[in-house]
Amino acid sequence: MPENGRGSSAPRESQAPESFEAFAQASQRRLYRTAYLLCGDPDMARDLTQTTLAKLFQHWRRASAADHMEAYARTVLTRTYLAERRRRLRDLMAHSRPDPRPAPDHTDLRVTLLSALAGLPPRARAMVVLRYWEDQSVESVAELLKCSPSTVKSQCSRSLAKLRVQLGEAHTYTTGS
């Protein structure tokens, strides 16, 4: 067995699932929180978190070699979310015409904010969540989404302006109660 090069890697392979399990347990809540902010649905967020962890496990050797595992995992999560949204949008456009979103009910600022975030396109929503909720730098968001920093700045600026317009009316209702 050592002749084919596998004998020396066998101990590493037996350790990899244990270190993956430790990483998964330590980071699952943070990944879920980010997933929830991206998709706005608890069930979809759980699915997205599990898909991300499955992808990390599948490529654990490469993933565990990353300098910053949290950033690597967040990259996998965000790209998985964007790919899923593109796939769903393609399916939706192929089968039906989307209805306009109903006006947000003004019961709670959190619900209103999630509704407003849902009105943004997936890539813009990802930029806003990563930039302002996850407190990532413009450069790290640009690298993560494979675009230029100026694209991140302009998309975030437009998205925030759109959110301000949507939340301007909602703010009156949520602070008045």
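Identification of the chain as SigE family RNA polymerase sigma factor from Streptomyces glomeratus is taken from an unreviewed UniProt entry. Of the chain, the UniProt comment under Sequence similarities (unreviewed entry) reads exactly: "Belongs to the sigma-70 factor family. ECF subfamily."

A. Fine view of the environment of Leu56. Positionally, Leu56 belongs in helix 2 (residues 42-58). The buried category is assigned to Leu56, whose relative accessible area is 1%. Expressed as a C-alpha distance, the spacing of Leu56 and Ala24, which sit 32 residues apart in the sequence, is 9.2 Å.

B. Layout of the nonpolar core. Ranked by size, the top nonpolar core spans 28 residues in total, and within it Leu38, Tyr81, Leu117, Met127, Val141, Val152 and Leu163 carry the most contacts. Sorting the residues of this core by element identifies helix 1 (10-39), helix 2, helix 4 (69-95), helix 5 (109-118), helix 6 (122-133), helix 7 (138-145) and helix 8 (149-176) as the ones contributing at least two each. Here this core spans two domains, since at least three of its residues come from each of domain 1 (18-100) and domain 2 (101-169). The residues touching Val152, leaving out its near neighbours within four places in the chain, are Met127, Val138, Val141, Ala142 and Cys147.

C. Representation of unusual backbone geometry. Although it is not a glycine, Asp135 sits at a positive phi angle of roughly 55 degrees. A relative accessible area of 64% means that Asp135 is categorised as exposed.

D. Here's a closer look at the side chain of Arg74. Position of Arg74 among the secondary structure elements: in helix 4. According to the relative accessible area criterion, Arg74 is buried, its value standing at 16%. With residues up to four places along the chain from it excluded, the contact list for Arg74 reads Leu31, Leu130, Glu134, Gln136 and Leu144.

What counts and how
Residues numbered from 1 in each chain as written. Predicted model: local features only at pLDDT ≥ 70, side-chain atom pairs only at ≥ 80, totals over all residues. Heavy atoms only, no water. UniProt positions renumbered as here; feature names shortened; annotations may be inferred. Helix = DSSP H or I, 4+ residues; strand = E, 2+ residues; numbered from the N terminus. Buried < 20%, exposed > 50% of the residue type's maximum accessible area, 1.4 Å probe, protein only. Core = buried A, V, L, I, M, F, W, Y, C linked by side-chain atoms within 4.5 Å. Domains from an automatic or database assignment. Contact = heavy atoms within 4.5 Å.

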